[in-house]
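Descriptive structure summary
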Amino acid sequence: MTQYDMLTNELSEYRELKKGTLNIGSIPVLSPYGIMDKLNRFMTDYPQINIRLQELEGNELLEKLQTNQLDLGILRSVQTSLLNKSQFHFIDIYRDELKIIMAANHPLAKKQKIAMKDLTNTDVVVLSPGSGIYERVGKLYQQAGFTPNIRFTTTHIETLIGSLENSQRITFLFEKSAQSFLNDGFVMRSLDPPVYNDLQLVFPQGKLTQVGKRFVNYLIKDHPLS
């Protein structure tokens, strides 16, 4: 009976890998972090498996993970910290640094590192609530003891960068996300002290299918799941 059960499980796993659907939710960071390349390779190696990808803000992803509408989520640790640690599995897939970005002619551009106290009277533009950055920036200002003068919010990085042109405004973005949007008209500076955050792969404890495990292993080949 034990051998029969093992064979049945193996056949079930085989069927899953031959035909199935993987529901993935992610904040919009797949291309900058090379995740889209791995997803494309996965689809090439498993042509019978369909991918349903939803790119959403963090608060929407958290809700869908908690209500079992997604197999996997890709979010920043500042967002996943709101999930119950006993109910979800968390895997760090990329560590990134939070940077300050401004026009190249901004007075603060002369500094190589910028402390929060340097931003006391500086106007801020930032990604919208739910982005993870909005929440992290709010915490930084709270710790520094003053309130940011947020002049503009948007859900798109390109629009955010555009709002900095020929202005005295600054924004906060993670380095890898920002690089492809910058040109010689902008500079990127570290905070003093520097601030880091992890991009994480998240899924419910004990509920990951064989299809899900295979996909996870494409993202964490150095430490594959058994």
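Quick note: structure is the one above.
Let us look at the structure shown here. The shown structure was predicted, so the numbers you read here are calculated from the model rather than taken from an experiment.

Details of the overall build of the chain
A count of helices and strands for the chain gives 8 helices and 9 strands. Viewed in the frame of its principal axes, the chain has a C-alpha envelope of about 75 × 35 × 25 Å. The buried share of the chain, reckoned over its 226 residues, is 46%. Here the contacts in the chain between residues at least 6 apart in sequence split such that 77% fall between residues at least 24 apart. Approximately 12,300 Å² of the chain is accessible, and the part contributed by carbon and sulfur atoms is 46%. Seen as two clouds, the 25 positive and the 24 negative side-chain charges of the chain have centres 2 Å apart.

Comments concerning the pairing of strand 3 (residues 72-76)
Of all 5 residues that make up strand 3, 5 are buried, and the element is covered over most of its length. Because side chains alternate across strand 3, one face comprises the buried residues L72, I74 and R76, and the other comprises G73 and L75, equally buried. Relative to strand 9 (residues 186-204), strand 3 runs antiparallel, the two sharing 4 bridges. Counterpart to R76 in the pairing with strand 9 is L199.

Quick look at the layout of surface pockets
Computed from the structure, the largest pocket encloses a volume of approximately 320 Å³. Lining the largest pocket we find 17 residues, and of these P28, V29, L127, T155 and I157 sit closest to its centre. Classifying every residue of the lining of the largest pocket gives 8 nonpolar, 6 polar and 3 charged.

Some points on the environment of R189
Topologically, R189 is positioned in strand 9. Residues R189 and G206, spaced 17 residues apart in sequence, show a C-alpha to C-alpha distance of 41 Å. In contact with R189, other than residues within four places in its own chain, are K99, I100, M102, A109, K111, Q112 and I114.

Some remarks on the pattern of salt bridges
Considering all chains together, one arrives at 4 salt bridges under this definition. Measuring nitrogen to oxygen at the nearest pair gives 3.9 Å for the salt bridge that ties D118 to K111. Since its relative accessible area comes to 24%, D118 is described here as partly exposed. A relative accessible area of 35% means that K111 is categorised as partly exposed.

Side note on the environment of R169
By the secondary structure assignment, R169 is in the loop between helix 6 (157-162) and strand 8 (170-174). Note: C-alpha distance between R169 and F215 (46 residues apart in sequence) is 41 Å. Dropping the residues within four chain positions of it, R169 is found in contact with M102, H106, D123, V125, S163 and L164. A distance of 2.7 Å separates a polar side-chain atom of R169 from the backbone oxygen of S163.

Examining the packing of aromatic side chains
This structure, assessed with the given rule, holds 7 aromatic pairs. Aromatic pair F42 and F215: ring centres 5.4 Å apart, planes at 85 degrees, arrangement edge-to-face. Of this pair, F42 sits in helix 2 (residues 35-45) while F215 is found in helix 8 (residues 210-219), placing the two residues 173 residues apart along the sequence. Of the two residues, F42 and F215, both sit in the buried class. Plain terms: the ring middles of Y46 and Y218 are 6.4 Å apart, the flat faces sit at 70 degrees to each other, and that makes the pair edge-to-face. Of this pair, Y46 sits in the loop between helix 2 and strand 2 (49-55) while Y218 sits in helix 8, and the two are 172 residues apart along the sequence. Seen from the ring of F90, K85 lies directly overhead, with NZ or CZ sitting 5.1 Å from the centre.

Cut-offs applied
In this convention, every chain numbers its residues from 1, walking through the sequence in written order. Totals for whole chains, interfaces and linings use every residue, but because this is a predicted model, local features are given only for residues with pLDDT of at least 70 and side-chain atom pairs only at 80 or more, for both listing and counting. Side-chain descriptors were evaluated using all non-hydrogen atoms of the structure, hydrogens and water having been removed beforehand. To qualify as a helix, a DSSP run of H or I must reach at least 4 residues; to qualify as a strand, a run of E must reach at least 2; elements of each kind are numbered from the N terminus. In this scheme, a residue with accessible area under 20% of its type's maximum is buried, one over 50% is exposed, and one in between is partly exposed, where area comes from a 1.4 Å probe on protein chains only. Contacts between residues were defined by any pair of non-hydrogen atoms, one from each residue, lying within 4.5 Å. Only the protein chains shown count as cover for residues, and the accessible areas themselves come from Shrake-Rupley with a 1.4 Å probe. Two residue types count as positive, namely Lys and Arg, and two as negative, namely Asp and Glu; His and chain ends fall outside the count. A single reference atom marks each charge: NZ on Lys, CZ on Arg, CG on Asp, CD on Glu. Paired strands, in this sense, are two strands between which DSSP finds at least two bridges. Site definitions follow a grid-based scheme: protein atoms alone, a 1 Å grid, a 1.4 Å probe that fits but cannot get out for cavities, and for pockets an open set with protein on both sides within 12 Å along at least five of seven lines, plus lining residues having an atom within 4 Å of a point. Grid points are joined across faces, edges and corners, and a volume is the space filled by probe spheres set on the points. All amino acids are sorted into three groups, where Ala, Val, Leu, Ile, Met, Phe, Trp, Tyr, Cys and Pro are nonpolar, Asp, Glu, Lys and Arg are charged, and the leftover types, Gly among them, are polar. One speaks of a salt bridge when a side-chain nitrogen belonging to Lys or Arg is within 4 Å of a carboxyl oxygen belonging to Asp or Glu. Any pair of N or O atoms that falls within 3.5 Å is considered a polar contact. Within protein, one atom must be able to donate a hydrogen and the other to accept it, and sequence-neighbouring residues count only if both atoms are side-chain atoms. Two aromatic rings, drawn from Phe, Tyr or Trp (for Trp, its six-membered ring), form a pair once their centres lie within 6.5 Å of each other, and the interplanar angle then sorts them: stacked below 30 degrees, edge-to-face above 60, tilted otherwise. Whether a charge lies above a ring is judged from NZ of Lys or CZ of Arg, which has to be within 6 Å of the ring centre and within 35 degrees of the ring normal.

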